[in-house]
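Chain by chain, the residues:
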Number of protein chains: 2
Amino acid sequence: MSTSHCRVTFQPTGRAVSVLSGTTILEAAARAGLVIDTPCGGAGTCGKCRVRITQGVSDPGEADRTVFNEQELENGWRLACRSPVLKNMVLEVPPSSLFGGGHQIVDSGTDNGPGTLDPAVRKIHVELPAPTLEDDIPDLLRLERAIGSFSVDLDRLRRVPKQLRAQAFQGTAVLSDHRLVDFEKGDTQARCFGVACDIGTTTMVASLLDLCNGQELGVVSRMNPQVVFGDDVVSRIHHAASCRHCLDELRNAVITEVAEMIKTLCADAGVQSRHVYEAVFAGNTTMQHLLCGVDPTPLGELPFAPAYGRGLLLSSKDVGVPINPRGMVYVFPVIGGFVGGDTIAGMLVSEMDACSGPTLMVDVGTNGEIVLANGEELLAASAAAGPAFEGARISCGMRATRGAIEKVLLNDDVHLGVIGDTAPIGVCGSGIIDLVAGLLDRGIVSPEGRLLPPDELPDDLAPALAARVFLDKKGDTAFMLAQGEGMNQRTLALTQRDIREVQLGCGAIRAAINILLQKAGLDASDLSTVLIAGGFGSFIRRDKAQRLGLIPPGVDHRRIHYVGNASLAGARWALLSVEARRRAEELARRTHHVELSIDCDFQMAFAEAMIFPEGS
Amino acid sequence: MSTSHCRVTFQPTGRAVSVLSGTTILEAAARAGLVIDTPCGGAGTCGKCRVRITQGVSDPGEADRTVFNEQELENGWRLACRSPVLKNMVLEVPPSSLFGGGHQIVDSGTDNGPGTLDPAVRKIHVELPAPTLEDDIPDLLRLERAIGSFSVDLDRLRRVPKQLRAQAFQGTAVLSDHRLVDFEKGDTQARCFGVACDIGTTTMVASLLDLCNGQELGVVSRMNPQVVFGDDVVSRIHHAASCRHCLDELRNAVITEVAEMIKTLCADAGVQSRHVYEAVFAGNTTMQHLLCGVDPTPLGELPFAPAYGRGLLLSSKDVGVPINPRGMVYVFPVIGGFVGGDTIAGMLVSEMDACSGPTLMVDVGTNGEIVLANGEELLAASAAAGPAFEGARISCGMRATRGAIEKVLLNDDVHLGVIGDTAPIGVCGSGIIDLVAGLLDRGIVSPEGRLLPPDELPDDLAPALAARVFLDKKGDTAFMLAQGEGMNQRTLALTQRDIREVQLGCGAIRAAINILLQKAGLDASDLSTVLIAGGFGSFIRRDKAQRLGLIPPGVDHRRIHYVGNASLAGARWALLSVEARRRAEELARRTHHVELSIDCDFQMAFAEAMIFPEGS
């Protein structure tokens, strides 16, 4: 009973995403990691989210007609927030439609960009006058005279003067943060690249960027090979401590995969790895520790203090990343044991500290991260939401891969969206949220989280829905999602226990939000903006997340925006701009880490948050 | 006919030196590398050069009686400039008697010191609160909170958090230029050392300093093992280029010897080498290049451009110096191919840029370096003086070692001072200068440098002197210094050719001085101060150097001071003070390098300077 899927391709990057027919272009863009600006919250009134459909154009809607003239409509201009995707389409997103406008846009394709293009790595081609008796200054000062001051290590000190002379004092100097990385033959200024990398617990994504213009040359994604040592950060931390070489084993696993990604990116783009001079990494605190080979044991024990806080600038050779051996690696700063570089990346790219009015960012996952910006005040907390949102500990749960139910609509009956448009084999996080929200709306689940047995169901419930409620072998109530058919299909049903898991997860995040609001003396209605961060967040539907209390129910949906996979975007920004890097460091230092486990109010807030919010 | 020698020991350092009986304490101090302040130029009138003789006290002179009261004279107080050394003595030099007074004195024993004690290396003992849920900031930020911000490399990132936890968050942080070098167990603040090293072409001297108080714990000196590859810098430069491994061979030779010196210093002082965190090196440009393994080939070819100009901050591990493996090595900046770190060291410790009035510094050697400070203007030049002053290319020349005639007095006859108070086997630089000056004064050598034959000698010449002039087998005039006696003694005589060598050397230095004065629009009589630098300089007698024109004859001798072995002193200053290091860099950058070989006036100046000055 799955609805059909449409492929949407965004230009100029060529990013493509497959979405359920009827999804708005705005949401499809969010899933592709493009954050389109919607000051009106998707109400179709501000006219900010304009995109041009070049293939698969649909009829304009009422909102389109008020914003665009006939010629524009003819040319395919539509409002992303009001236009549903009904067939495969190709569309162009102008830079002005991306969130964070007003800055100089570096690369209109990937994200709004870090404002200005000022990478730490610079290449300068020089043609120096050869030394003469009249002009006999030392070789390195001769180079400095042309490119500004720099420092050298012993290796460069020995080589660069030789290179200068062998190349008749002509060539291209490579500087990284005022350190002389290399002196190359000829004019190689156009060959200056960097890699931005999101090190997720499950998935790693790497992006190759041209540092001359900020353009993305390729993206690859791989499973984090550490998953063989456990799905979540806690099992990785335990594994690291389980033997003498286990930390190395974890580090080598991720470094080897990173190396493979970089090799693939370079090969595909026709780039030599020696022309890649910097790699930037963002991830959660544990992933960043493991990447550096830093013992994560304290992250698994009270009080979960990380080894480092500031961002790290390390030698690429020391870290073991196969870029230019004298290149650098920048690893994001962290705020706390469970509020890491990925959260800072989200804060950075959403520019939440610069938002006018109180802003809340929520990253839903096994570990939920919540950040509240209120003027100068920045508060961050983590909430152990459990693995329900990643499909774990749910009887029919699964990750968001092919065959996973990722969208559930409850009206007269259940309508499923399945990834890959195939027969469903399980349900993933966004599907679970949809389902529980729907069950609450229909009165099948009570606000206290009780899945009502057949005899207690509301009288006005659609018969097809009522027919899906049954008592399992143990006598517990369950809700049938899909009936098993054929040999390889099992029956998919949501149990009371599953709902409790969701309830716990939602309660933890909601309680954390409430504590931060309380600390800032704010009410949910005071929030100007709510940002949904994290890769998973892009797949959550705002109304459903509000229905479960993952986002405060009192917030107008027009104030809710998607930040997308901010970890990769933040790494990109820090690669393209030292100013963005400086801001990331500043955000990390300014943010007060609120440890909820010792907060007197948290247990009470948690208990209260276990009750699902009132429906609208 | 050699005069007897006396041993003079200077407290509180314990430095000892052996001098000819009758040498002033002032000159003995200069030979020990102690620069005593003599504003009156040694006339015995200013009372600035006061020292206290504790053993071997002699009768006070007239000048002593005008400056000191009876009690002071009784206690051994004397004026260094007026008191001859007549027996072995031990004496104390109060800090106020050292050149450059007015600053806070770091170490009253060695030299006037860099002003303030602010070494790049700092140790801070901390007792941090352990992390709690209320105070869960990252380990390295916890440390920063106590000691200020720092950077870490990957190795420290991995180890320091572990060390913090293993040591209950107590221990001693070692910082070098805001880089975390180490975190040590317990309170090791008192164990913080550094090594200052003068890398001479012939001799290397290393000094172990306590960075807590600036005190010198020991000094060792070794022959530069590179001498087996040639005596002078030019032969070293040629050797470096003579095979693929020759540069490495030269580098290894000096590094191995430096390592031995450091081991000896540490063993003698009971210091662990891991508590030595920094080594500072000063030497001429070629020696500094070889120490770093930087190809010196361009220093041997026109236009003699060095590889680097700024001072170098390198990893001790990379350089191969056996101090703490995460320690640093600082190598002095250089001005030109033949004006190196040793010259900058001399400029630094003499504070010549801060002298009131035009100041000239002259370092006499195979390569003479001349620096002129005139207000904001700093000019430096090098002059190829040839090896005469080091005893080479002189028929009976030798280095200043045992058996070398180091002092020559001509009155009714010749009186010799021989190093080691033994029978003479040759004559070294200071002896040659004495001798030629004496021969000029007596009219045995003409102003044009002609050694007059017996029949042209002045009529009033003392008969014993006249008897020493003879014609050798080739018919050339020669002057007999010492008659060979017994089996192992050869006849020592100075030939016409020897005098030409001295004349060339003096002419080159005098011409360079004249060109710099001319560029600054000055006359020699405008000079407020003349500084004699270099280890060899301490052994030159001012009046004799003026007689030969090595120092402008027009300058009142009270304006002439000894700087001593400034290379070692400068390295000490840079080790003890980042401010001194900054000043060294500034001096290097501010100084204009005058290349004499292209100066139109130089050839003329050189020709003129070949005529010895008029006698007084």
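Think of each chain on its own: its residues are numbered from 1, step by step along the sequence as written. By the order in which they are written, chains take letters starting at A while ligands take numbers starting at 1. Whole-chain, interface and lining totals are the exception, using all residues; otherwise, since this is a predicted model, local features are given only for residues with pLDDT of at least 70 and side-chain atom pairs are given and counted only at 80 or more.

Asks: Break down the overall build of chain A for me, citing the residues and quoting the values.
Replies: Each helix and strand in chain A was counted, giving 17 helices and 26 strands. Values of the radius of gyration come from C-alpha atoms, whereas the globule rule sets the reference at 2.2 Å times the count of residues to the power 0.38. In terms of overall size, chain A behaves like a compact globule, its C-alpha atoms giving a radius of gyration of 26 Å where 616 residues would be expected to give roughly 25 Å. The principal-axis extents of the C-alpha atoms in chain A amount to approximately 100 × 65 × 55 Å. Taking all 616 residues of chain A together, the buried fraction comes to 54%. Partitioning the intrachain contacts of chain A with sequence separation of at least 6 by distance along the chain shows that 67% fall at a separation of at least 24. Elements are defined by DSSP. Helices are runs of H or I of four residues or more, strands are runs of E of two residues or more, and each kind is numbered from the N terminus. Put simply, a residue is buried when 20 or more other C-beta atoms lie within 10 Å of its own C-beta and exposed when 12 or fewer do; between those, it is partly exposed, and each C-beta is set from the backbone. By the convention adopted here, residues make contact when the C-beta atoms placed from their backbones lie within 7 Å.

Asks: Describe in detail the sheet that holds strand S19 (residues 414-418) of chain A, supporting the description with residues and values.
Replies: Residue and element names in this part refer to chain A. Being paired, for any two strands, means DSSP has found at least two bridges between them. Read across the open sheet, the three strands follow the order S19-S18-S20; overall the sheet is mixed. Of all the strands in the sheet, just S19 and strand S20 (426-427) have a single pairing partner and so form its edges. Where strand S18 (residues 404-410) meets S20, two bridges bridge the pair, whose relative direction is parallel. Residue pairing across strands places Ala404 opposite Gly426, the latter belonging to S20. Against the sheet, helix H11 (residues 429-441) contacts S18 and S20, and its axis sits at roughly 20° relative to S18. Orientation is described by axes fitted as lines to C-alpha atoms, over the contacting stretch for helices, and by angles from 0 to 180 degrees between their N-to-C directions.

Asks: Got a sec to walk through the packing of helix H6 (residues 233-241) of chain A against helix H7 (residues 246-269) of chain A? Specific residues and values, please.
Replies: Residues and elements named next belong to chain A. The N-to-C vectors of H6 and H7 enclose an angle of 130°; their axes lie 6 Å apart at closest approach. Viewed along their axes, H6 and H7 adopt a mutual orientation that is oblique. Across from Arg236, His239 and Ala240 in H6, the residues of H7 making contact are Cys246, Leu247 and Leu250. Asp, Glu, Lys and Arg are counted as charged, while Ala, Val, Leu, Ile, Met, Phe, Trp, Tyr, Cys and Pro are counted as nonpolar; the rest, among them Gly, fall into the polar class. Among the residues forming the contact of H6 with H7, the class breakdown is four nonpolar, one polar and one charged. Note that the term roughly parallel is reserved for angles under 35 degrees, roughly antiparallel for angles over 145, roughly perpendicular for angles of 65 to 115, and oblique for everything else.

Asks: Give me the pairing of strand S22 (residues 477-482) of chain B: which residues, what numbers.
Replies: Residue and element names in this part refer to chain B. Within S22, five of the six residues are buried, which leaves the element mostly enclosed by the surrounding structure. Summarising the sheet, strand S21 (residues 469-471) and S22 pair through three bridges and their orientation is antiparallel. Across the sheet, Leu471 pairs through a bridge with Thr477, a residue of S22. The hairpin turn running from S21 into S22, its antiparallel successor, is five residues long, and Gly475 in that turn takes a positive phi close to 90°.

Asks: Just give me the short version of the interface of chain B and chain A, but keep the residues and values in it.
Replies: Taken together, the 40 residues of chain B in the interface contact 40 residues of chain A. Looking at the side of chain B that touches chain A, the elements that each hand over two or more residues are helix H4 (139-147), helix H5 (154-166), strand S13 (312-315) and helix H9 (316-319) of chain B. Per-element accounting of the side of chain B that touches chain A gives the leading share, five residues, to H5 of chain B. For the side of chain B that touches chain A, a count of residues per class yields 24 nonpolar, seven polar and nine charged.

Asks: Tell me what's going on with the sheet that holds strand S20 (residues 426-427) of chain B, and back it up with residues and numbers.
Replies: All names here are of chain B. As summarised here, the arrangement of the three strands in space is S19-S18-S20, forming an open sheet in which the pairing is mixed. Because the sheet does not close on itself, it has two edges, and the strands there are strand S19 (414-418) and S20. Across the sheet, helix H11 (residues 429-441) lies against strand S18 (404-410) and S20, angled at about 20° from S18, the strand it touches most.

Asks: Would you mind going over the relation of the copies chain B and chain A in detail, with residue names and values included?
Replies: For this overlay, a least-squares fit was computed on C-alpha atoms, restricted to residues scoring pLDDT of at least 70 in both copies. Rotating chain B by 180° and translating it 0.2 Å along the rotation axis places it on chain A, where the RMSD comes to 0.3 Å. In short, the pair behaves as if placed about a two-fold rotation axis. When you check the interface residues of chain B against chain A, 98% turn up at the interface there too, and the contact is symmetric in its surfaces.

Asks: Tell me what's going on with the pairing of strand S7 (residues 170-176) of chain B, and back it up with residues and numbers.
Replies: Residues and elements named next belong to chain B. Counting buried residues along S7, six of its seven residues qualify, which places the element largely inside the surrounding structure. Across seven bridges, the pairing between strand S6 (residues 121-127) and S7 is antiparallel. Across the sheet, residue Ile124 finds its bridge partner in S7, namely Ala173. Taken together, the five bridges between S7 and strand S8 (residues 179-184) define a ladder with antiparallel strand orientation. Each bridged residue has a counterpart across the sheet, and for Ser176 the counterpart in S8 is Arg179.

Asks: Could you give an account of the domain arrangement of chain A, with specific residues and numbers?
Replies: Splitting chain A by domain gives domain 1 (5-97), domain 2 (121-184), domain 3 (193-331), domain 4 (354-387 + 502-609) and domain 5 (390-499). Averaged C-alpha coordinates put domain 1 of chain A and domain 3 of chain A at centres separated by 35 Å. Each domain's extent was defined by an automatic or database domain assignment.

Asks: I'd like a description of the confidence of the model for chain A, backed by residues and values.
Replies: Regions with low pLDDT should not have their predicted coordinates read in detail. All names here are of chain A. Summary of the metric used: pLDDT quantifies the predictor's per-residue confidence within the range 0 to 100. Chain-level statistics for chain A give a pLDDT mean of 89 and a share of 94% at 70 or above. Counting interchain partners and residues more than four positions distant, the pLDDT-below-50 stretch residues 100-110 has 27 contacts. Among the scores for the predicted complex, ipTM is 0.81 and pTM is 0.82.

Asks: Let's hear about H7 of chain A: which residues, and what values?
Replies: Residue and element names in this part refer to chain A. With 24 residues, H7 extends 35 Å between its outermost C-alpha atoms, agreeing within 8% with the 34 Å of an ideal straight helix rising 1.5 Å per residue. Looking only at H7, the buried set comprises Leu247, Leu250, Arg251, Val254, Ile255, Val258, Met261, Ile262, Leu265 and Cys266. Residues of H7 that are buried sit in contact with strand S9 (193-199), strand S10 (203-210), strand S11 (216-223), H6, strand S12 (276-283) and helix H8 (285-292). Each residue after the first adds 1.5 Å to the expected span of a helix.

Asks: An account of helix H6 (residues 233-240) of chain B is needed here, citing residue identities and associated values.
Replies: Residues and elements named next belong to chain B. What H6 keeps buried is the set Val233, Arg236, Ile237 and Ala240. Angular distribution of buried residues about the axis of H6 spans 100°; they occupy a single face of the element. Packed against the buried residues of H6 are helix H7 (246-269) and helix H8 (285-292). Along the arc lie the directions from the helix axis toward the C-beta atoms.

Asks: Explain the nonpolar core residue by residue, including any values.
Replies: Note on definitions: a nonpolar core is a set of buried residues drawn from Ala, Val, Leu, Ile, Met, Phe, Trp, Tyr and Cys, linked by C-beta atoms within 7 Å. Formed by 340 residues in total, the largest nonpolar core has its most connected members in Val362 of chain A together with Val362 of chain B. Residues in contact with Val362 of chain A, not counting those within four places in the same chain, are Gly368, Ile370, Ile509, Ile513, Val530, Ile532, Ala533, Leu550 and Ile551 of chain A.

Asks: Please provide a residue-by-residue account of unusual backbone geometry, values included.
Replies: With glycine set apart, most residues show a phi of negative sign, and most peptide bonds adopt trans. All names here are of chain A. Cis geometry marks the peptide bond from Leu302 to Pro303, where omega comes out at 0°. Turning to its location among the elements, Pro303 is positioned in the loop between H8 and strand S13 (312-315). Non-glycine residue Asp177 carries a positive phi angle of around 50°. The residue Asp177 is located in the loop between strand S7 (170-176) and strand S8 (179-184) in this model. Look at His178: it is not a glycine, yet its phi comes out positive at around 65°.

Asks: Outline the environment of Leu435 of chain B, supporting the account with residue identities and numerical values.
Replies: All names here are of chain B. By the element assignment, Leu435 lies in helix H11. Since 27 C-beta atoms lie within 10 Å of it, Leu435 is described here as buried. Contacts of Leu435, omitting those with residues within four sequence positions, involve Val408, Val427 and Leu494.

Asks: Can you lay out the environment of Thr477 of chain A for me, pointing to particular residues and giving the numbers?
Replies: Residue and element names in this part refer to chain A. Note that Thr477 resides in strand S22 (residues 477-482). Here Thr477 falls in the buried class, since 22 other C-beta atoms lie within 10 Å of it. The sequence separation of Thr477 and Arg497 amounts to 20 residues, and the corresponding C-alpha distance is 9.4 Å. Setting aside chain neighbours within four positions, we find Thr477 in contact with Leu451, Leu452, Pro453, Val469, Leu471 and Gln496.

Asks: Which residues make up the environment of Val174 of chain A, and what values go with them?
Replies: Residues and elements named next belong to chain A. Here Val174 shows up in strand S7. A count of 25 C-beta atoms within 10 Å places Val174 in the buried class. It is 23 Å that separates the C-alpha atoms of Val174 and Gly218, two residues lying 44 residues apart in sequence. Discounting residues that sit within four places of it in the chain, Val174 has contacts with Val121, Lys123, Val181, Asp182, Glu184 and Tyr277.

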